[in-house]
Amino acid sequence: MIMEFTASSIDDFNPNQRKQQQQEAGVMNISLKFPCGRPNGSVLSRNKEETFKHLIVVFISLSSAQADFAPYFYDNGPYSQNGNLALFSLSEDTPVGTQIYSLNGTDPEGQEVSYGLSFDPGSKEYFRVDPVSGNITLVEQLDREKQDSIDVLVSITDGKSKVVERVTIFVMDANDEKPEFQNMPAIIDVLETMEPGSSIYKVEAVDRDTGSGGSVTYYLQNPQSTLFTIDRHSGVLRLRAGEMLDYEKTKTHFVNIIAKDGGGNFNGREQFLSSSATLTVNVIDVQDTPPVFIGIPYFGYVYEVSVPGSAIFIVEAKDGDVGNPNPIRYSFEEGDDGVFSINKTSGVITLLSHPMFLKREIFNIKVRASEVSPEGRPLDYEVTTVVIRVVDLNNNPPTFYGEKGPQNIFELTMYEHPPEGEILRGLRITVNDSDQGANAKFNLRLIGPGRMLRVVPQTVLNEAQVTILVEDSAAMDYEKHHFLTYKLLAVEIDTPERFSATADIVIHLLDTNDNAPKFSSDYYIARIPENSPGGSNVVSVTASDPDSGPWGDVQYSIYGSGADLFLIQPTTGIIYTQPWASLDAEVRSKYNFYVKAEDAEGKYSLAEVFVTVLDLNDHSPAFNDNFLETTMVIGAPVKIEAIDDDAEVPNNVIEYAIMKAEPDNNIFDINADTGEIMLKSYIKSMAIIQNITKQSDCTWSLVVQARDRGQPSFSTTAVIKIDITEATQLSGGPLGTFLMQSRNKPLHVVALLAGVISVMVIVTVIISTATFMRNKKSNRILPNRRVRRRQRNQSTWNFKNPFRKPENPGQRFRVQEEMEREPEVIVENANYNNNVSNVVRQWPPPPPPCAPSLPPPPPPSFSGERHWAVPTVSAVVAAKPKRRPVTPRRDTVNTALVSELKMRLEQKRMQNHQ
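Predicted model, so just to flag it, every value in this text is computed and none were measured. (Residues numbered from 1 in each chain as written. Predicted model: local features only at pLDDT ≥ 70, side-chain atom pairs only at ≥ 80, totals over all residues. Heavy atoms only, no water.)

Novice: Give me the overall build of the protein chain: which residues, what numbers.
Specialist: Regarding its fold elements, the protein chain presents six helices and 65 strands. Among the 914 residues that make up the protein chain, the fraction classed as buried is 37%. A separation of at least 24 residues holds for 66% of the contacts in the protein chain among residues at least 6 apart in sequence. A total accessible area of about 55,000 Å² is found for the protein chain, and carbon and sulfur atoms account for 52% of it. (Helix = DSSP H or I, 4+ residues; strand = E, 2+ residues; numbered from the N terminus. Buried < 20%, exposed > 50% of the residue type's maximum accessible area, 1.4 Å probe, protein only. Contact = heavy atoms within 4.5 Å. Areas by Shrake-Rupley, 256 points an atom, 1.4 Å probe, with all protein chains shown as cover.)

The structure is reproduced here in structure tokens:
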């Protein structure tokens, strides 16, 4: 059963009274509704008034034992960030995804509440609420200009009762809109006679923002370069004071106007927005400019063949007001002497009498051009001068003459490369024009290949002697041009006819020896195998001489430190080896020398020849017999080495391989590149070896092959006998153990010694510095002393074995009394300072200087056939090559260690046999 109450105001609602009425009536649910209007004549508090503005539906669930009151929102006022969202406002530039508000309410019974948010049907949903926390998030971009308020239904429920309120969220403005022109762009017409300061146009722009962002001010984009000005607030465009429009200068003006708002906040910072538009101002022409003659100054000519009625010249004028021009009428003012007439509409000047009756040679005629109104009334006018000259008829072109009269071909034979500035005296040319005055004036030009020649004079009046000069001697080359052909051109200058004449000049060049032979390349690179027989061709060089006859013949020769083994054919340039020459890349693989190309008069050029002797694989690898028998410590490799006397890779690159190992093949590995023999990785002790071989002790024999990578490939083998032992602590102590482990790594030993020496030097420097500073503080250092050394005896050098043990520990600290007495140095006090007495100091004598080591002797060379050794598997290695002797390395410490290891192995073997 449902009971419904309606109250005219919130003051009429009493929950206790409703509860009592519900219990008396036995009602299960009660629905209370408030109308949306404010009751007339009631004065409400602020919270009651806000509550009364919204529709509130309260669902109250009652149980038999206790009533359930509905939850409600907190009303924290319009400036709070939590509550019931009443009177909340939000800026339109709030980013999407921002948390804008938190719904906040409670349930009288203390039950958990959840929140809801909805919109009217068909409305855009701008917000989303978290039902648990009540946080409201903006999910759609706001735009105040489109919607300035948003109605939202917010709800709170405890699961049984639900309260729904309608609230309005106000969207606050942000400066996000640009001003918009209402009457721009536009085109207007303005008379050019408009007074300065006159109003031309009123610009209107609107900004939809509010506040300062909605105010608009106006500016001109380029105020300094325009004739106009604009009022910042009203937008009225005026002609600038002191300026005038002129249709004849500029017919159209383009005025760029900027509308700018007053600025406002947008996204947390102040922002100013502006728009621009163009106003086109067309200037209307007004009759204020006189006529203008076109093409002045004017010059006309009367020739001797002219007849009366001939048109001499045409004058033309236009109205200066081109926008609305008036017709033009022409007339003479003075200077025509009655022998000329002018057409008043076309401006054609006509001759009235025969030229022979003209009394002057030059006429200066004043011509007036007048504007005429549509009614035929004369207006403005302009006057100009027309100069008419009476001249002869130009009927004689220029003509070239030789020694025998008119001529149009001139020939000359001469040697190439004449001196610059030389006159070609073999050419006798005269040019003439029979006309008079300006008709007899003409220019001379020389047209031909390049700028080798120059003509003098370049301007002639009536007649002149033509001179040809050499301008570019280097270009007059017989090898490029056997003959040169030029055109000599004479052209009139000041005549309408521009009469001209031409003559051909042909120059035959004779050759001289002006070129040295030139090689096709500055250097030549050749390669030849080392087994090439004597007389083999190496390379062919080519040089050319462009000169003709015997001057163009080339002879070749070679010279230089590397040319001893080579010859060259003098005429063909083929370089070949000496008949007795035997090339060997191992002896010398690079040769370079010079080749010379020379002509008949000794002019020559040089080129360099580089010859590379190609290495062939003609040597087999050879082992160094110092490694035929050795001892291997488990964990340390044993290295063997073979040498290949070939000069180049891959002929001298050696690969190593174990061909056979006895008594077992699965004990050793070898590095194919370095020749290091090592035990396989799983062998860590002698027990593993004994388990594999079933022998307590044995000597290993390895057949190792060294093969080069040449084609064809050569190889040799060696038998390596190896005794295997484990590393033991030698009697030399830790130093001996280190040397034993590093016997095949001498750089480790050198590095250790260098480190020890460096530490000793640093300690010595520190001690010396400390002593110096202490003596300086105690004033024991004197500025001037005389040092007198006593004669010292030459001492002998004694060396101690670092591995020898003393007979007893006390001997380590015994000082030998047999040591010679160290030399004394007596320092005398030259300043006679009482604080310093004679000081006797001792120090070890410096070691005697060492003489520089001599260079090693050159390897002996053997002539004749090389003796090849045939390697065998059961015997020792092949013989060491005699051409490259290798000095065996003498390592005293390693020899001692190996000897001791051998002795231990022999003792162990004897014990096993017993």
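That shown, we press on.
Novice: Got a sec to walk through the packing of aromatic side chains? Specific residues and values, please.
Specialist: Under the counting rule described, the total for this entry stands at 16 aromatic pairs. Three or more aromatic residues joined by ring pairs make a cluster, and in this case those are Phe119, Tyr126 and Phe127. Cation over ring: Lys251 sits above Tyr247, and NZ or CZ is 5.3 Å from the ring centre. We note Lys260 situated over the ring of Phe272; from NZ or CZ to the ring centre the distance is 5.4 Å. (Phe/Tyr/Trp six-rings, centres within 6.5 Å; stacked < 30°, edge-to-face > 60°. Lys NZ or Arg CZ within 6 Å of the ring centre and 35° of its normal.)

Novice: How would you summarise the pattern of salt bridges if you had to cite specific residues and measurements?
Specialist: If you walk through the whole model with that rule in mind, you get 15 salt bridges. We note a salt bridge from Arg428 to Glu403, for which the minimum N-O separation is 3.4 Å. Pair noted here: Arg428 is in the loop between strand 37 (409-415) and strand 38 (429-432) and Glu403 is in the loop between strand 35 (399-402) and strand 36 (405-406), with a separation of 25 residues, a long-range link. With relative accessibility at 63%, the residue Glu403 sits in the exposed group. A salt bridge links Arg454 to Glu471, with the nearest nitrogen and oxygen atoms 2.9 Å apart. Residue Arg454 is found in strand 40 (residues 453-456), and its partner Glu471 is found in the loop between strand 42 (463-470) and strand 43 (483-492); the two are separated by 17 residues along the sequence. (Salt bridge = Lys/Arg side-chain N within 4 Å of Asp/Glu carboxyl O.)

Novice: Quick one: what's the story with the confidence of the model for the protein chain, residue by residue and with numbers?
Specialist: Averaged over every residue, the pLDDT of the protein chain is 76; residues scoring 70 or more account for 76%. Here residues 1-65 is a poorly scored stretch, pLDDT under 50, and it has 106 contacts once near neighbours within four places are set aside; other chains count. (pLDDT = per-residue confidence, 0-100.)

Novice: Tell me about the pairing of strand 38, residues and numbers included.
Specialist: Both faces of strand 38 are covered, namely the face carrying Ile429 and Val431 and the face carrying Thr430 and Asn432. Pairing analysis gives three bridges linking strand 35 to strand 38, with the strands arranged antiparallel. The partner of Phe400 across the bridge, within strand 38, is Val431. Bridging between strand 38 and strand 42 involves four bridges; their strand directions are antiparallel. In the strand pairing of strand 42, Val431 is matched with Ala464. (Pairing = 2+ DSSP bridges.)

Novice: Got a sec to walk through the sheet that holds strand 52 (residues 590-598)? Specific residues and values, please.
Specialist: Spatially, 46-53-52-49 is the arrangement adopted by the four strands of the open sheet, whose pairing is mixed. Either end of the sheet is taken by a strand with one partner, and the two such strands are strand 46 (523-529) and strand 49 (555-559). With strand direction ignored, the average angle separating the axes of adjacent strands in the sheet is 30°. Sheet topology places strand 49 next to strand 52; five bridges connect them, and they run antiparallel. Paired with Ile558 across the strands is Val595, a residue of strand 52. (Axes fitted to C-alpha atoms, helices over the stretch in contact; angles between N-to-C directions.)

Novice: An account of the sheet that holds strand 20 (residues 228-230) is requested, with residue identities and associated values reported.
Specialist: Spatially, three strands are ordered 17-21-20 in an open sheet, and the strand pairing comes out antiparallel. The open sheet terminates on both sides in strands that have one partner only, identified here as strand 17 (199-202) and strand 20. Across this sheet, the average inter-strand angle for adjacent strands is 25°, counted without regard to direction. Two elements, strand 20 and strand 21 (residues 236-239), share three bridges in a ladder whose sense is antiparallel. Note that in strand 21 the partner of Ile230 across the bridge is Leu237.

Novice: Break down the nonpolar core for me, citing the residues and quoting the values.
Specialist: Of all hydrophobic cores here, the largest spans 31 residues; its most connected members are Phe400, Leu424, Leu444, Leu453, Ile468, Leu488 and Ile505. Mapped by element, the contributors of at least two residues to this core are strand 37, strand 38, strand 39 (441-447), strand 40, strand 42, strand 43 and strand 44 (500-510). Considering every element that reaches this core, the biggest residue donor is strand 44, with five residues. Residue contacts for Leu444: discarding those within four places in its chain leaves Phe400, Val431, Val455, Pro457, Gln458, Val460, Val466, Leu489 and Ala490. (Core = buried A, V, L, I, M, F, W, Y, C linked by side-chain atoms within 4.5 Å.)

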